[in-house]
Amino acid sequence: MTPAELLRDSFSRIPAIIDRATDDLDAQQLAARPGPGTNTIAWLAWHTARGQDVQVAALAGTDQVWTSDGWYERFELPFGPDEMGYGMSAGDVARVVATADLLTGYLEAVTARTSEYLGGVSESDLDDVVDEDWNPPVTRGARLNSILGDCLQHAGQASYARGILERL
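For the protein chain, an unreviewed UniProt entry supplies the name Mycothiol transferase and the organism Frondihabitans peucedani.

Enquirer: Sorry if this is basic, but what is going on with the nonpolar core here?
Expert: One recurring pattern in soluble globular proteins is that nonpolar side chains are buried together. The biggest cluster of nonpolar side chains holds 45 residues, and the ones touching the most others in it are Phe11, Ile14, Trp46, Phe75, Leu103, Tyr106 and Leu144. Only α1 (3-12), α2 (14-22), α4 (41-60), α5 (65-68), α6 (71-75), α8 (100-118) and α9 (140-167) provide two or more residues apiece to this core. If you tally residues by element for this core, the top one is α4, at nine residues. With residues near it in sequence (within four places) discarded, Phe11 still touches Gln52, Thr111, Thr114, Leu118, Leu144, Ile147 and Leu148.

Enquirer: Mind showing me how you'd approach unusual backbone geometry here?
Expert: Glycine aside, residues mostly have negative phi, and peptide bonds are mostly found in the trans state. The linkage connecting Asn135 with the following residue, Pro136, adopts the cis geometry, with an omega of 5°. As for its placement among the helices and strands, Pro136 is situated in the loop between β1 (129-131) and β2 (138-139). Phi at Asp24 is positive, roughly 65°, even though this residue is not glycine. Mapped onto the secondary structure, Asp24 falls in the loop between α2 and α3 (27-30). With phi around 55°, Glu76 is a residue other than glycine that occupies positive phi space. The topology assignment puts Glu76 in the loop between α6 and α7 (90-94).

Enquirer: Please explain the environment of Ala155 as it appears in this structure.
Expert: Relative to the helices and strands, Ala155 is located in helix α9. Sequence-wise, Ala155 and Trp71 are 84 residues apart; in three dimensions their C-alpha atoms are separated by 20 Å. Not counting the four nearest positions on each side in its chain, Ala155 is found in contact with Ile14, Ile17, Ile18 and Thr48.

So, how was this worked out
Residues numbered from 1 in each chain as written. Predicted model: local features only at pLDDT ≥ 70, side-chain atom pairs only at ≥ 80, totals over all residues. Heavy atoms only, no water. Core = buried A, V, L, I, M, F, W, Y, C linked by side-chain atoms within 4.5 Å. Buried < 20%, exposed > 50% of the residue type's maximum accessible area, 1.4 Å probe, protein only. Helix = DSSP H or I, 4+ residues; strand = E, 2+ residues; numbered from the N terminus. Contact = heavy atoms within 4.5 Å.

Printed below as a string of structure tokens:
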């Protein structure tokens with residue numbers, strides 16, 4: 001297995017985690033907070049997809065799935081198309097309301113685009129420096145690993161939040 005194949009396999013596992021976290025919940029349940037000031041399952045699922053979409057599109061030099069495939073319009077969120085959730089206030093987090101089908105559909109579309117991108121990434125491409133603003137500079141491989149870690153962290157938080165909501 002090449003490093004790019006390993007990354008493809010790892011990214012491909014995220015939608016199933018989010019699907020289990022959102023399964024059979026309505027939009028109101030998905031937007032419920034498991035505790036005061038916490039992130040909702042809807043926000044966590046949306047942000048997982050948005051973060052991956054924004055960062056992989058930047059690496060690939062392509063448009064984001066969010067805007068190019070009409071997801072921004074389908075979600076009808078009260079934010080501009082560039083919003084991805086980073087640094088959002090608790091009030092803004094609460095404004096992310098969506099159905100499970102919408103959340104998982106968007107993540108699946110993003111994952112497909114990520115898989116397509118990774119299909120063309122060679123082992124040497126992973127060593128390319130993509131951000132010189134850090135010390136040491138960030139390589140493509142390090143950025144992809146960071147994106148993956150963030151997605152898995154948020155997917156796990158969504159699963160945990162689901163468990164809390166089921167016990168309330």
